[in-house]
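Below, each chain spelled out in residue letters.
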Amino acid sequence: MSPDDRLESATDANDETLEWLSLAGDGTDTGETIRWRGGPRIQAAYPWVGLAAAGVFAALAAVVLELLPVVALAGVPLPVLVALWALASVTRTEYVVTDRRIAIRRGVLGVDVDTVGLERVQNTAVSQHAIARVVGYGTVTIEAASGATFAFRNVEEFDTVHDRLEDQRHGGRTADLPGSIEEWEAILAEVRGWRRALEGSRSDVDGSLE
């Protein structure tokens, strides 16, 4: 199964209505449709879980070795809470690409939704840090015309998501024009050739008049 097929399968498996995003014209033939949805991999929170576990172990060891007083154990819940918050942040973050816009949902205690229309997207890029490269996930960064930057952080099939987003973005911009981009480029080249020919003829006429 190709990455594109896996992406289609993931879309089909998550075709239920989003509670946090109202789709334009939902329920009609011309309504807004979801092309892809996903979220960060849970492994993105593992470094925080590891730090919390190390902190708890270090505190317990220090108390056992009498390097710290027993009262120091009162601080043990703090790293645990940090790890739980990181896990909740990952599980409650969701990314969506429709045929009209992108949307990002964040928030643990509340809900924060950011959206931008595909026609406002100027550039997209992919990146991976060291851990992501080993585990196999990456980040898709999206730059909007307003100067705002959006990011699908730590997602699987990040390169396929990037390609799909680019196809959707360019498709949305050229859907109302007949013909392909290559055909329009050929027409433009031909028009430029006519212009050069006309300018050459005009120069010859001006030269003969002189």
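Conventions we followed
Residues numbered from 1 in each chain as written. Predicted model: local features only at pLDDT ≥ 70, side-chain atom pairs only at ≥ 80, totals over all residues. Heavy atoms only, no water. Helix = DSSP H or I, 4+ residues; strand = E, 2+ residues; numbered from the N terminus. Buried < 20%, exposed > 50% of the residue type's maximum accessible area, 1.4 Å probe, protein only. Polar contact = N/O pair within 3.5 Å; in protein donor to acceptor, adjacent residues only side chain to side chain. Contact = heavy atoms within 4.5 Å. Core = buried A, V, L, I, M, F, W, Y, C linked by side-chain atoms within 4.5 Å. Phe/Tyr/Trp six-rings, centres within 6.5 Å; stacked < 30°, edge-to-face > 60°.

What about the side chain of Thr 98?
By the element assignment, Thr 98 lies in strand β2 (residues 94–98). With relative accessibility at 1%, the residue Thr 98 sits in the buried group. At 2.6 Å, the side chain of Thr 98 and the side chain of Glu 32 are in polar contact. The contact partners of Thr 98, leaving out residues within four places of it in the chain, are Leu 23, Glu 32, Thr 33, Ile 34, Arg 35, Leu 118 and Gln 168.

Considerations on the nonpolar core
By size, the foremost hydrophobic cluster in this structure holds 17 residues, and its most contacted members are Trp 36, Ile 102, Val 140, Ile 142, Phe 150, Phe 152 and Val 155. Of all the elements in the fold, those that place two or more residues in this core are β2, β3 (101–106), β6 (138–144), β7 (149–155) and α5 (158–174). Other than its neighbours up to four places away in sequence, Ile 142 contacts Ile 102, Val 121, Asn 123, Thr 124, Ala 148, Thr 149, Phe 150, Phe 152 and Leu 165. Ranked by size, the runner-up nonpolar core spans 7 residues in total, among them Trp 20, Leu 21, Val 96 and Ala 103.

Digging into the packing of aromatic side chains
Applying the stated criterion across every chain yields a total of 2 aromatic pairs. The interplanar angle of 20° and the centroid separation of 4.7 Å between the aromatic rings of Tyr 95 and Phe 152 together place this pair among those described as stacked. Taken together, the positions of Tyr 95 in strand β2 and Phe 152 in strand β7 put the pair 57 residues apart, joining distant regions of the chain. Classification of Tyr 95 as buried rests on a relative accessible area of 3%. Ring-pair connections join several aromatic residues into one group, and the members of that group are Trp 36, Tyr 95 and Phe 152.

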